Amino acid sequence: MKIVSATDMVNKAHEGHYAIPAFNTNNLEWTQCILKAVQETRTPVMIQTSEGAAKYMGGYKMVVDMVNDLIESMGITVPVALHLDHGTYEGAKACIEVGYSSVMFDGSHYSIEENIAKSKEIIALAHAVECEVGGIGGSEDGVTSNGELADPAECKAVADLGVDFLAAGIGNIHGKYPADWAGLNFERLGEIKEAIGGKPMVLHGGSGIPFEQTSKAVSLGVSKININTELQLVFADATRKYIEAGKDLAGKGYDPRKLLKPGCDAIVAKAKELCEAFGAAGKA
Ligand code: 13P
């Protein structure tokens, strides 16, 4: 099986009251670890790249080929979609052309009128489109937003264009959550759910949100949860411990296949935990 459409899996998650984990990938090892975790837990998954991460890996086509080749060589049987995260107008078009199965067009920094006009064009081109209303707080891949609560009427205007799933700011933040974070705003999430008439929603900044809150968000219509930072943190932590213990200096401990292994094992373990927590494990 090759990369599949995200629409079916997100719609099924929406009906079944669980959320598809959407893991950002950064390189070959990351992609292998995510695929291992979802295969072992029977989880349908979205693998996503930012434009910067795709550039780092050699370009959009390289990412499409890498994911398709790994699906085949690793014998992956669970559904895998490939998604562009926080795409620009040009990036979304380029990804659709080379075989990403869904794209996010992030026009949240434009005026709502311009966001709507550009979202409309992307929706006409793609099979599965995510659009964003209201900035997600924090910084990702050099794009920073203070975070704002999305306006339900604006969410409705964008949802009505025919987006497949909608990302809306509800107090969520990319990166680490500060100790004094107020939590997700469920009142606003409920209002958005009402306004958009039951379309699946996406929760960005999924790293570090307590599971009671992600579960409540899922019960209010969130069907895709984005995770990037959390896998980066467990990878960095395990790699630091390996080096601090001097293991890279013992024997051939400097061989990247050994040096990266603890970090990779940590990614697999964390990804599995999240698949379970979002209720998606066993759904493939
Ligand atoms: P985190 O890095 O906070 O997990 O956010 C990921 C994300 O929302 C990608 O769009």
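Attention in this report is confined to the structure presented alongside it.

Analysis parameters
- Residues numbered from 1 in each chain as written.
- Predicted model: local features only at pLDDT ≥ 70, side-chain atom pairs only at ≥ 80, totals over all residues.
- Buried ≥ 20, exposed ≤ 12 C-beta atoms within 10 Å, placed from the backbone.
- Helix = DSSP H or I, 4+ residues; strand = E, 2+ residues; numbered from the N terminus.
- Pairing = 2+ DSSP bridges.
- Near = placed C-beta within 6 Å.
- Nonpolar A, V, L, I, M, F, W, Y, C, P; charged D, E, K, R; others polar.
- Axes fitted to C-alpha atoms, helices over the stretch in contact; angles between N-to-C directions.
- Contact = placed C-beta atoms within 7 Å.
- Core = buried A, V, L, I, M, F, W, Y, C linked by C-beta atoms within 7 Å.

To continue, consider the pairing of strand β3 (residues 80–87). When you tally the buried positions in β3, you get 8 out of 8 residues, the bulk of the element. Across 5 bridges, strand β2 (residues 45–49) lies against β3 in parallel orientation. The residue of β3 that forms the bridge with Ile47 is Leu82. As defined by bridge partners, β3 adjoins strand β4 (residues 102–105) across 3 bridges and the pair is classed as parallel. Note on β4: the bridge partner recorded for Gly87 is Phe105.

Taken together, 15 residues form the shell around the ligand, and within it His204, Ser207, Asn226, Asn228 and Thr229 come nearest. Counting residues per element, the ones that place at least two in the shell around the ligand are β3, β11 (222–227) and α10 (229–244). When the residues that make up the shell around the ligand are grouped by side-chain class, the tally is 1 nonpolar, 11 polar and 3 charged.

To continue, consider the sheet that holds β3. The sheet built from 8 strands closes into a barrel, its strands ordered β1-β2-β3-β4-β5-β8-β10-β11 with parallel pairing. Neighbour-to-neighbour, the strand axes of the sheet open up by a mean angle of 25 degrees, direction not taken into account. Both strand β5 (residues 129–133) and strand β8 (residues 165–168) contribute to a ladder of 4 bridges, which runs parallel. Directly across from Glu132, in β8, lies its bridge partner Ala167. Relative to the sheet, helix α5 (residues 89–98) contacts β3 and β4, its axis offset from that of β3 by approximately 160 degrees.

Ile34, Val103, Leu166 and Ala271 are the most contacted members of the largest nonpolar core, which has 78 residues in total. For Ala271, the residues in contact, after removing those within four places along its chain, are Phe23, Cys33, Ile34, Ala37 and Leu231.

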